[in-house]
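Spelled out from the first residue to the last, the chains are:
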Amino acid sequence: MLHARQASRHWLRLPQLFVVLAVAGCATWSQPEPAESGDQRAWQARQQVLAALTQWTLQGRIASTGLFGFSGRVRWQQRQDRFVIDVAGPFGAGATRLTGHPGHVEIRNAEGTWVTNDAQGDLQRAYGWTLPLAGLQRWAIGLPIAGEPARITLDAQGQLLTLEQAGWRMTYEQYMPLDAGPTLPHKLLIDNGDTRWRLLVDRWQLAGDPGA
């Protein structure tokens, strides 16, 4: 349950909701279901490389359509199963920092601080909708959620083109090369039929990179 330390328990704005869901992901990995088309041998090798990325930082922009429209900037640092997420709208509006690990998320903004160990359940009860908590941490780097059915399509390099999982469809519109490391998503569209999220990554930093 959410516990208000300095503000109301339900005073969570959209940037906070998005990032809580994005970061409460599973850190384990298992083989996805067979892919359609593409280079499956390259995909098998790519899975191993991506699964080893336990320390990374992305900086970019997020936007959504639907009832809860929002656009802003995000900086997401992942260290093993721990994260630090900064998100804000235009001109810094709604600036929010989230820290923690799966199952324990602290949300801090100008209104106060909240802690949740059941973000999915609390959001469902408070707002009547939610997102799969185990998704976005892996979807962002181009991997399915561990242990859940998935339907995927690949390109000729063994990179995800589409991923359907947990009621969501991810479309990987573009990848970006790194100086050292695998190509990673640059433009990602996430859609469940009611809400559409777009993530545009401006910069990836992996463990060992300056500033990572």
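Structure: above.
In short, a report on the structure.

With that settled, consider the overall build of the protein chain. Secondary structure assignment for the protein chain yields 4 helices and 12 strands. Within the protein chain, the fraction of its 212 residues that count as buried is 48%. Of the roughly 10000 Å² of accessible surface on the protein chain, a fraction of 52% belongs to carbon and sulfur atoms.

As paired elements, strand E2 (residues 55–65) and strand E3 (residues 70–79) share 10 bridges and run antiparallel to each other. The partner of arginine 61 across the bridge, within E3, is arginine 73. Here E3 runs beside strand E4 (residues 82–88); their pairing, made up of 7 bridges, is antiparallel. Looking at the pairing, arginine 79 lines up with arginine 82 of E4. As consecutive antiparallel partners, E3 and E4 are separated by 2 residues, and within that stretch glutamine 80 has a phi angle of approximately 55°, a positive value.

Quick look at unusual backbone geometry now. Phi is positive for glutamine 80, which is not a glycine, with a value near 55°. Overall, glutamine 80 belongs to the partly exposed group, its relative accessible area being 46%. We note that alanine 166 has phi near 55°; this positive angle belongs to a residue other than glycine. With respect to the helices and strands, the residue alanine 166 is situated in the loop between strand E9 (160–165) and strand E10 (168–176). In this structure alanine 166 comes out as partly exposed when scored by relative accessible area, which is 35%.

Criteria and thresholds
Residues numbered from 1 in each chain as written. Predicted model: local features only at pLDDT ≥ 70, side-chain atom pairs only at ≥ 80, totals over all residues. Heavy atoms only, no water. Helix = DSSP H or I, 4+ residues; strand = E, 2+ residues; numbered from the N terminus. Buried < 20%, exposed > 50% of the residue type's maximum accessible area, 1.4 Å probe, protein only. Areas by Shrake-Rupley, 256 points an atom, 1.4 Å probe, with all protein chains shown as cover. Pairing = 2+ DSSP bridges.

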